[in-house]
Amino acid sequence: MIKIETERLLLHPISDEEMQKIIDDEKNPEMQKAYSEMLQGCLDNPEDRVWFATWNMELKNDSQTIVGDLSFKGITDDGMVEIGYGLKEGYCGNGYMTEAVRAITEWALSQNKVSRVEAETDPDNLPSKRILANVGFVPTGEVGEEGPRFVLEKKITVCGKEYRIIKLLGHGKGGYSYLADQDGQKVVLKQMHHEPCDYYTFGNKIQAEKNDYERITNAGIRAPKMLAIDEENERIVKEYVDGKTIFDLILEGTSVEQFLLQVRTMAKKAFEVGLNIDYFPTNFVIQDGLLWYVDYECNDYMAEWNFENWGIRYWSRTPEFEEYLRELKMGRYRQRRCRR
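What counts and how
- Going along each chain's sequence as written, the residues are numbered from 1 onward.
- Confidence filtering applies because this is a predicted model: local features only for residues at pLDDT of at least 70, side-chain atom pairs given and counted only at 80 or more, and all residues used for totals across whole chains, interfaces and linings.
- Side-chain numbers come from the whole structure's heavy atoms, not from hydrogens or water.
- For Phe, Tyr and Trp, where Trp contributes only its six-membered ring, two rings pair if their centres lie within 6.5 Å, and the inter-plane angle classes them as stacked under 30 degrees, edge-to-face over 60, or tilted in between.
- To qualify as a helix, a DSSP run of H or I must reach at least 4 residues; to qualify as a strand, a run of E must reach at least 2; elements of each kind are numbered from the N terminus.
- Here's how the labels work: a residue is buried when its accessible area is under 20% of the maximum for its type, exposed when over 50%, partly exposed in between, all with a 1.4 Å probe on protein chains only.
- We call a charge positioned over a ring when the NZ of a Lys or the CZ of an Arg lies within 6 Å of the ring centre and within 35 degrees of the ring normal.
- Here the expected span of a helix is defined as 1.5 Å times the quantity of residues minus one.
- By construction, the arc corresponds to the directions joining the helix axis to the C-beta atoms.
- We call two residues in contact when some of their heavy atoms are within 4.5 Å.
- Take a side-chain nitrogen of Lys or Arg and a carboxyl oxygen of Asp or Glu: if they are within 4 Å of each other, that pair is a salt bridge.
- In short, DSSP must find at least two bridges between two strands for them to pair.
- Each axis is a line fitted through C-alpha atoms, and for a helix only the stretch in contact is used; angles between axes span 0 to 180 degrees, taken between their N-to-C directions.
- Residues belong to one nonpolar core when they are buried, are Ala, Val, Leu, Ile, Met, Phe, Trp, Tyr or Cys, and are joined through side-chain atoms within 4.5 Å.

**Looking at the packing of aromatic side chains**
Within the structure shown, the criterion is met by 19 aromatic pairs. Measuring from ring centre to ring centre gives 5.0 Å for W51 and F72, while their planes differ by 65 degrees; the resulting arrangement is edge-to-face. With W51 in the loop between α2 (29-44) and β3 (54-59) and F72 in strand β4 (residues 62-75), this residue pair connects regions lying 21 residues apart in the sequence. Among the residues examined, F72 registers a relative accessible area of 1% and is labelled buried. Consider the rings of W305 and W310, whose centres lie 5.8 Å apart with planes at 65 degrees: the pair is edge-to-face. The buried category is assigned to W310, whose relative accessible area is 7%. The rings of F247, F280, W305, W310, Y314, F321 and Y324 are connected pair by pair, giving a single aromatic cluster. Between K238 and the ring centre of Y296, over which it is positioned, the NZ or CZ distance is 4.3 Å.

Here it is, written out as structure tokens:
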């Protein structure tokens, strides 16, 4: 079980059974509804329940004393989590909530899935606004259902340079890719991960990225330029190609027939040097009518994985494409593909 320890507190997500008891004991219909929605989120998203669950705030020297609770309100596709919190009567004015919010947001931003933490608070709730300011949240300029929105952004350092994370672009079997900003320049920052993959075995991931980039560019395949590589922290930075993916176009019902010649040209270049690239449509972006292969992954050529035998199956609303969508909806995304 996840437990976050602060100077005075222990923070941890509670079980579904404990959440149900809170619902049963809650007298306020509005709060009962909120807790019920959180519990349903846990049940519907077992792999991501931590982002839906209630987190208890216990005194470290007295685990029987719960001074308040926190929660996230799910997690979006681009990695945003929204935090909510409340103290029990009699525990205000001790700095407990600032301590808890600082710790849980630091933990959240350390998770690869998360790109930023946001919060809303009533404009007249000065203590809540002070908590957010003390932790480092800044106003977004937007107003939500509960009041003004605030954001705490993720920042990642690559080769001594700090990058501000804008959003999560995708999660593949090799790493997490983010849209990032460095001195006004948008780039893609990829953080390698070591999560298990049941159908692929990795060696040195960062070295593989370097080698694959060289093989792809030497083959003459249009791909974003690698801008930086941090071997120690297993991070790379590459050029950002802004546009819709082939996957996006298929999903919205737009024919990608006009881009088949370009992908087949890439496939021919790959074949000539003994390679396959990953032909899944999330890996191809259209910018100004040109097709870019935005992943660096490539493998030695095998006919069964070339474009005509495998990739083409996903470049329209085929049964294979529909099955992939069903897997996404059912939460069985197998870390298979990554947009950037």
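**Focus on helix α7 (residues 260-272)**
With 13 residues, α7 should cover 18 Å at 1.5 Å per step; its first-to-last C-alpha distance of 18 Å lies within 8% of that length. Looking at α7, one finds that the buried residues are L260, V263, M266, A267 and A270. Across the axial projection of α7, the buried residues extend over an arc of 125 degrees, all falling on one side. Residues of α7 that are exposed and point more than 90 degrees away from the buried face comprise L261, K268 and E272. As for α7, its buried residues are in contact with β15 (275-277), β16 (284-287) and β17 (290-293). In the stretch just after α7, G274 is the one whose phi turns positive, near 80 degrees.

**Regarding the pattern of salt bridges**
Following the criterion strictly, the structure yields 23 salt bridges and no others. Its salt-bridge partner being K73, residue E82 comes within 3.3 Å of it at the nearest N-O pair. Residue E82 is classed as buried on the basis of its relative accessible area, which comes to 12%. Judged by relative accessible area, which is 42%, K73 ranks as partly exposed. Its salt-bridge partner being E323, residue R326 comes within 2.8 Å of it at the nearest N-O pair. Taken together, the residues R326 and E323, both in helix α8 (residues 319-329) and three residues apart, mark about one turn of the helix. Classification of E323 as partly exposed rests on a relative accessible area of 32%. What you see here is one network of salt bridges that share partners, running through K73, D78, E82, R116, E118, E120, E146 and R149.

**Re the sheet that holds strand β13 (residues 226-230)**
As summarised here, the arrangement of the six strands in space is β9-β10-β11-β12-β14-β13, forming an open sheet in which the pairing is antiparallel. Each of the sheet's edge strands pairs with one partner strand only, and the pair in question is β9 (155-158) and β13. Neighbour-to-neighbour, the strand axes of the sheet open up by a mean angle of 35 degrees, direction not taken into account. Running at roughly 160 degrees to β13, helix α5 (residues 205-218) makes contact with β12 (185-192), β13 and β14 (235-239) of the sheet.

**Some words on the nonpolar core**
Of all hydrophobic cores here, the largest spans 40 residues; its most connected members are L11, L70 and F137. Sort the elements by how many residues they give to this core and helix α3 (residues 96-109) lands first, with nine residues. Setting aside chain neighbours within four positions, we find L11 in contact with I2, K3, I4, T6, W55, N56, M57, L70, A100, A103 and I104. One finds Y213, M226, I246 and L260 within the second-largest nonpolar core, a separate group that totals 37 residues.

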